[in-house]
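Now for the letters of each chain:
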Amino acid sequence: MNHLKQLCRTPVIGRNVLIAIARSLSSKVPPEPTWQEIDESKLPEPTKIDQDTIDQLERLALVDFANKEGIERLEAAIRFADQMFLVDTSGVKPMDSVLEDRELYLRDDRVTEGNCKEEILKNAGKVEEDYFVAPQGNIPLPKKEEYKR
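In this text the structure is predicted, and so the values were computed from the model without any measurement. (Residues numbered from 1 in each chain as written. Predicted model: local features only at pLDDT ≥ 70, side-chain atom pairs only at ≥ 80, totals over all residues. Heavy atoms only, no water.)

1. Let's talk about the overall build of the protein
A count of helical and extended segments in the protein gives five helices and two strands. What you see in the protein, going N to C, is helices and strands ordered as α-α-α-α-α-β-β. Counting across all 149 residues of the protein, residues that qualify as buried make up 13%. Partitioning the intrachain contacts of the protein with sequence separation of at least 6 by distance along the chain shows that 62% fall at a separation of at least 24. Per element, the accessible surface of the protein, about 14,200 Å² overall, is 54% carbon and sulfur. (Helix = DSSP H or I, 4+ residues; strand = E, 2+ residues; numbered from the N terminus. Buried < 20%, exposed > 50% of the residue type's maximum accessible area, 1.4 Å probe, protein only. Contact = heavy atoms within 4.5 Å. Areas by Shrake-Rupley, 256 points an atom, 1.4 Å probe, with all protein chains shown as cover.)

2. Comments concerning the nonpolar core
Grouped together as the largest cluster of nonpolar side chains are five residues: Ile-49, Ile-54, Phe-65, Ile-71 and Leu-74. Residue contacts for Phe-65: discarding those within four places in its chain leaves Ile-54, Leu-57, Glu-58, Gly-70, Ile-71 and Leu-74. (Core = buried A, V, L, I, M, F, W, Y, C linked by side-chain atoms within 4.5 Å.)

3. Observations concerning helix H3 (residues 51-61)
Those residues of H3 lying buried are Gln-51, Ile-54, Asp-55 and Glu-58. The buried side chains of H3 occupy one side of the element, clustering within an arc of 100° when seen end-on. Along H3, exposed side chains directed more than 90 degrees from the buried face belong to Asp-52 and Leu-60. For H3, the elements touching its buried residues are helix H4 (68-81). (Arc of directions from axis to C-beta.)

4. A few points about a nonpolar patch on the surface
A cluster of nonpolar side chains, Met-95, Val-98, Leu-99 and Leu-104, forms an exposed patch at the surface whose accessible area comes to about 420 Å². Structurally, the position occupied by Leu-99 is in the loop between H4 and helix H5 (117-121). Under the relative-accessibility criterion, Leu-99 is labelled partly exposed at 37%. (Patch = residues over 30% accessible without salt bridge, like charges linked within 9 Å, V, L, I, M, F, W, Y side chains within 5 Å. Salt bridge = Lys/Arg side-chain N within 4 Å of Asp/Glu carboxyl O.)

5. Thoughts on the environment of Glu-72
Relative to the helices and strands, Glu-72 is located in helix H4. Judged by its relative accessible area of 44%, Glu-72 is partly exposed.

6. Structural notes on the environment of Lys-126
Among the secondary structure elements, Lys-126 is positioned in the loop between H5 and strand E1 (127-128). In this structure Lys-126 touches Tyr-131, Phe-132 and Val-133, once residues within four positions along its chain are discounted.

7. As for the pattern of salt bridges
Taken as a whole, this structure holds four salt bridges when the rule is applied. With a closest N to O distance of 4.0 Å, Arg-79 and Asp-82 form a salt bridge. In terms of burial, Arg-79 and Asp-82 fall into one category: buried. Across the pair Asp-130 and Lys-117 runs a salt bridge, and its minimum N-O distance is 3.1 Å. Within this pair, whereas Asp-130 is found in the loop between E1 and strand E2 (131-132), its partner Lys-117 is found in helix H5, the two being separated by 13 residues in sequence.

8. Observations concerning unusual backbone geometry
The backbone phi angle of Glu-129 is positive, close to 50°, even though this residue is not glycine. Turning to its location among the elements, Glu-129 is positioned in the loop between E1 and E2. The phi dihedral of Asp-130 is positive, around 65°, even though this residue is not glycine.

9. Notes on H4
Note that an α-helix has 3.6 residues per turn; residues three or four places apart therefore point the same way. Between its first and last C-alpha atoms H4 spans 20 Å; for 14 residues at 1.5 Å apiece the expected length is 20 Å, and the two agree. Restricting attention to buried positions, one finds in H4 the residues Gly-70, Ile-71, Leu-74, Glu-75 and Arg-79. The elements touched by buried residues of H4 are H3. (Expected span 1.5 Å × (residues − 1).)

This is the structure we're talking about:
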């Protein structure tokens, strides 16, 4: 990396050139976008979202999905994600880290501290039976009429 620092001090080379040099030295990302047309016949059947799923999503996200545009956008997003089924991952090892340039070493899972339950629970606003009590996260929405496509 010292050669990059030296290049940064050289006034002749512009920022874009430095970025290109850095990417070519350290990145596995291709310099040009690469993609192939998706064969729709290899994808699973398009997902159709039922009313129960819409109701559950609305309760969790507090977003109104029960309209034609909302359902179409949600189904299109699921269809886009279905393309992951076509990715061939055979021979690809799972990643331990998203950092390309560093190797992370897994450490032993050992308890280094303990017996501090009372001290930790002092930080809670409300405690019941040695558990933190959190406010209800989502507000239940009233049940709407079923949406007709």
